[in-house]
Amino acid sequence: MGEEPGSALTIGELALAAPHQIDNAAAALDQMGAYLNRDAVSSRLSTLEAEFDKLSGKVKDSSKVAVDRLEAEVTERPLAALAVAFGVGLMAAQLLRRK
């Protein structure tokens, strides 16, 4: 087919290449269609949504447990909780001051 870069293909060369290009395009479209099968995609999406719902429920439950535990610790030892909060604040101030 056209030997020099930028040279135009002749009608004969285009006619010879066309069936091969059409076959390549058809094969690529078939592969894309199989990959993007709507039923498979919607099924995968439904599975992911269900998994996300499960994980978000677990995160909610564990965060509730952590908050309840923290509330209990603060109620039992208010001075220690205040000292820890003060210490964390000092450390944060030191880290932010260094920048």
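Residues numbered from 1 in each chain as written. Predicted model: local features only at pLDDT ≥ 70, side-chain atom pairs only at ≥ 80, totals over all residues. Heavy atoms only, no water.

### Quick look at the overall build of the protein chain
Working step 1: From N to C terminus, the protein chain includes three helices and zero strands.
Working step 2: In the protein chain, the succession of α and β elements from N to C terminus is α-α-α.
Working step 3: By the burial criterion, 1% of the 99 residues in the protein chain qualify as buried. (Helix = DSSP H or I, 4+ residues; strand = E, 2+ residues; numbered from the N terminus. Buried < 20%, exposed > 50% of the residue type's maximum accessible area, 1.4 Å probe, protein only.)

### Some words on the pattern of salt bridges
Working step 1: Taken as a whole and judged by the stated rule, the model has one salt bridge.
Working step 2: Across the salt bridge formed by Arg77 and Glu73, the nearest N and O atoms sit 2.8 Å from each other.
Working step 3: Residue classification places Arg77 among the partly exposed residues on the basis of a relative accessible area of 46%. (Salt bridge = Lys/Arg side-chain N within 4 Å of Asp/Glu carboxyl O.)

### Examining helix H3 (residues 78-97)
Working step 1: Between its first and last C-alpha atoms H3 spans 28 Å; for 20 residues at 1.5 Å apiece the expected length is 28 Å, and the two agree.
Working step 2: Little of H3 is tucked away: zero of the 20 residues are buried. (Expected span 1.5 Å × (residues − 1).)

### A word on a nonpolar patch on the surface
Working step 1: On the surface, Leu29, Met32, Tyr35 and Leu36 cluster together into a nonpolar patch covering about 480 Å² of accessible area.
Working step 2: Tracing the backbone through its elements, the reader meets Met32 in helix H1 (residues 11-35).
Working step 3: Overall, the relative accessible area of 49% leaves Met32 in the partly exposed class. (Patch = residues over 30% accessible without salt bridge, like charges linked within 9 Å, V, L, I, M, F, W, Y side chains within 5 Å. Areas by Shrake-Rupley, 256 points an atom, 1.4 Å probe, with all protein chains shown as cover.)

### Some thoughts on the confidence of the model for the protein chain
Working step 1: Within the protein chain, residue pLDDT values average 83, and 88% of them lie at 70 or more.
Working step 2: Looking at the elements of the protein chain, mean pLDDT is at its lowest for H1, recorded as 79, and at its highest for H3, recorded as 93. (pLDDT = per-residue confidence, 0-100.)

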